[in-house]
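Spelled out, the chains give:
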Amino acid sequence: MAVTFSDLHTADGLKALEAHLAGKTYVSGDAISKDDVKVFAAVPSKPGAEFPNAARWYETVSAALASRFPGKPVGVNLPGAGSAAPAAEAAKDDDDDDLDLFGDETEEDKKAADERAAAKASAKKKESGKSSVLMDVKPWDDETDMKKLEEAVRSVQMEGLTWGASKLVPVGYGIKKMTIMLTIVDDLVSVDSLIEDHLTAEPINEYVQSCDIVAFNKI
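Residues numbered from 1 in each chain as written. Predicted model: local features only at pLDDT ≥ 70, side-chain atom pairs only at ≥ 80, totals over all residues. Heavy atoms only, no water.

## Thoughts on the overall build of the chain
Consideration 1: Of regular secondary structure, the chain possesses seven helices and four strands.
Consideration 2: Going from the N terminus to the C terminus, the chain shows its helices and strands as α-α-α-α-α-β-α-β-β-α-β. (Helix = DSSP H or I, 4+ residues; strand = E, 2+ residues; numbered from the N terminus.)

Below, the structure written as structure tokens:
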């Protein structure tokens, strides 16, 4: 649940912060976060000795900011900013906060993370299950050049598809069919799509009349 602080430029406001930080190092959680930055922006200066918890927290956040931004400040004036409260209010808007104080993801970080995720997904696919398939490839007639038919079939190349041994088997009336082995990565290759979109489509259908799956076994 979100914690609300108000008037942190006043003693009453600091009392609430002091009470909240009792036994805590940070405003929320066990590590410094944007919550600390938002509250820090609303506290105009280090709290006095009467607020030891708030003073300790203020020094911790200040040191973190100093290490993140080592440049020497010369000071800036913000006309119309009677207190630090408007700064805290502005800091509440995460969507419009372009200042990345603690190295939260930059565009480069996001791109690198996306690339790592894509690489992991690709590796996962490559490690997925495989299947061994025995397929009959039938020509149109006895005049079909079976050597060219085999060349046309093997010309189909895609990720996750490996062609294996083949042989010609007589089926009658001088016609022979080609029986061929292939290994597929299940997540990358669909046998149905291989047949419909490639082996029995142009230009390979000049030689191939149809294909039948004889055996399909998981490896």
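## Concerning helix α6 (residues 146-154)
Consideration 1: Of the residues making up α6, those classed as buried are Met146, Leu149, Ala152 and Val153. For α6, the angular spread of the buried residues around the axis is 115°, confining them to a single face.
Consideration 2: Buried positions along α6 lie against β1 (130-139), β2 (161-172), β3 (175-185), α7 (191-199) and β4 (208-218). (Buried < 20%, exposed > 50% of the residue type's maximum accessible area, 1.4 Å probe, protein only. Arc of directions from axis to C-beta. Contact = heavy atoms within 4.5 Å.)

## Some words on the nonpolar core
Consideration 1: Core analysis: the biggest nonpolar cluster contains 23 residues, and Met135, Val137, Val153, Trp163 and Leu199 have the highest contact counts within it.
Consideration 2: Put simply, the parts of the chain that give this core at least two residues each are β1, α6, β2, β3, α7 and β4.
Consideration 3: If we ignore the near neighbours within four places in the chain, the residues touching valine 137 are Leu149, Val153, Lys177, Met178, Ile180, Val208, Ser210 and Cys211.
Consideration 4: Phe40, Phe51, Val61 and Leu65 belong to the second-largest nonpolar core, a separate cluster that totals 16 residues. (Core = buried A, V, L, I, M, F, W, Y, C linked by side-chain atoms within 4.5 Å.)

## Description of the pairing of β2
Consideration 1: One ladder, built from nine bridges, connects β2 with β3; its direction is antiparallel. Paired with leucine 168 across the two strands is methionine 178, which belongs to β3.
Consideration 2: Between β2 and the antiparallel strand that follows it, β3, lie two residues; tyrosine 173 among them carries a positive phi value of about 60°. (Pairing = 2+ DSSP bridges.)

## Description of the packing of aromatic side chains
Consideration 1: Scanning all chains against the criterion turns up three aromatic pairs.
Consideration 2: Their ring planes at 65° and their centres at 6.4 Å tell us that phenylalanine 40 and tryptophan 57 sit as a pair that is edge-to-face. Here tryptophan 57 lies in helix α3 (residues 52-68) and phenylalanine 40 lies in helix α2 (residues 34-42), a separation of 17 residues in the sequence.
Consideration 3: Here the aromatic rings of tryptophan 57 and tyrosine 58 are separated by 6.5 Å at their centres, their planes lie at 70°, and the arrangement is edge-to-face.
Consideration 4: Owing to a relative accessible area of 0%, tryptophan 57 belongs among the buried residues under this scheme.
Consideration 5: Grouping aromatic residues by their ring pairs yields a cluster made of Phe40, Trp57 and Tyr58. (Phe/Tyr/Trp six-rings, centres within 6.5 Å; stacked < 30°, edge-to-face > 60°.)

## Some points on the pattern of salt bridges
Consideration 1: Under the defined criterion, the tally for this structure stands at five salt bridges.
Consideration 2: Lysine 177 is the partner of aspartate 136 in a salt bridge, and the nearest nitrogen-oxygen pair spans 2.8 Å. Residue aspartate 136 is located in strand β1, and its partner lysine 177 is located in strand β3; the two are separated by 41 residues in the primary sequence. For the pair aspartate 136 and lysine 177, a shared accessibility class is recorded, and that class is buried.
Consideration 3: Residue lysine 218 pairs with aspartate 186 through a salt bridge whose shortest N-O separation is 2.9 Å. Here lysine 218, found in strand β4, pairs with aspartate 186, found in the loop between β3 and α7; they are 32 residues apart in sequence, far enough to count as distant. (Salt bridge = Lys/Arg side-chain N within 4 Å of Asp/Glu carboxyl O.)

## A closer look at the sheet that holds β3
Consideration 1: Taking strand neighbours across the sheet as the criterion, the four strands line up as β2-β3-β1-β4 in an open arrangement whose pairing is antiparallel. A strand with exactly one partner marks an edge of an open sheet, and here the two such strands are β2 and β4. On average, each strand axis in the sheet is tilted by 20° relative to the strand beside it, whichever way the strands run.
Consideration 2: Its contacts with the sheet put α6 on β1, β2, β3 and β4, and the angle it makes with β3 is roughly 15°.
Consideration 3: Helix-sheet contacts for α7 involve β1, β2, β3 and β4, and the interaxial angle to β4 is about 165°. (Axes fitted to C-alpha atoms, helices over the stretch in contact; angles between N-to-C directions.)

## Notes on the confidence of the model for the chain
Consideration 1: Of all residues in the chain, 79% have pLDDT values of 70 or greater, and the mean over the chain is 83.
Consideration 2: Within the model, the stretch residues 81-102 combines pLDDT values under 50 with 28 contacts to residues more than four positions away or in other chains. (pLDDT = per-residue confidence, 0-100.)

## Observations concerning unusual backbone geometry
Consideration 1: Geometrically, the link from glutamate 202 to proline 203 is a cis peptide bond, its omega value of 0° lying close to zero.
Consideration 2: Position of proline 203 relative to the elements: it lies in the loop between α7 and β4.
Consideration 3: Residue aspartate 7 is not a glycine yet carries a positive backbone phi of 55°.
Consideration 4: Within the element layout of this structure, aspartate 7 appears in the segment before α1 (11-20).
Consideration 5: Note on aspartate 7: relative accessible area 46%, which makes it partly exposed.
Consideration 6: One non-glycine residue, tyrosine 173, adopts positive backbone phi at about 60°.
Consideration 7: Topologically, tyrosine 173 is positioned in the loop between β2 and β3.

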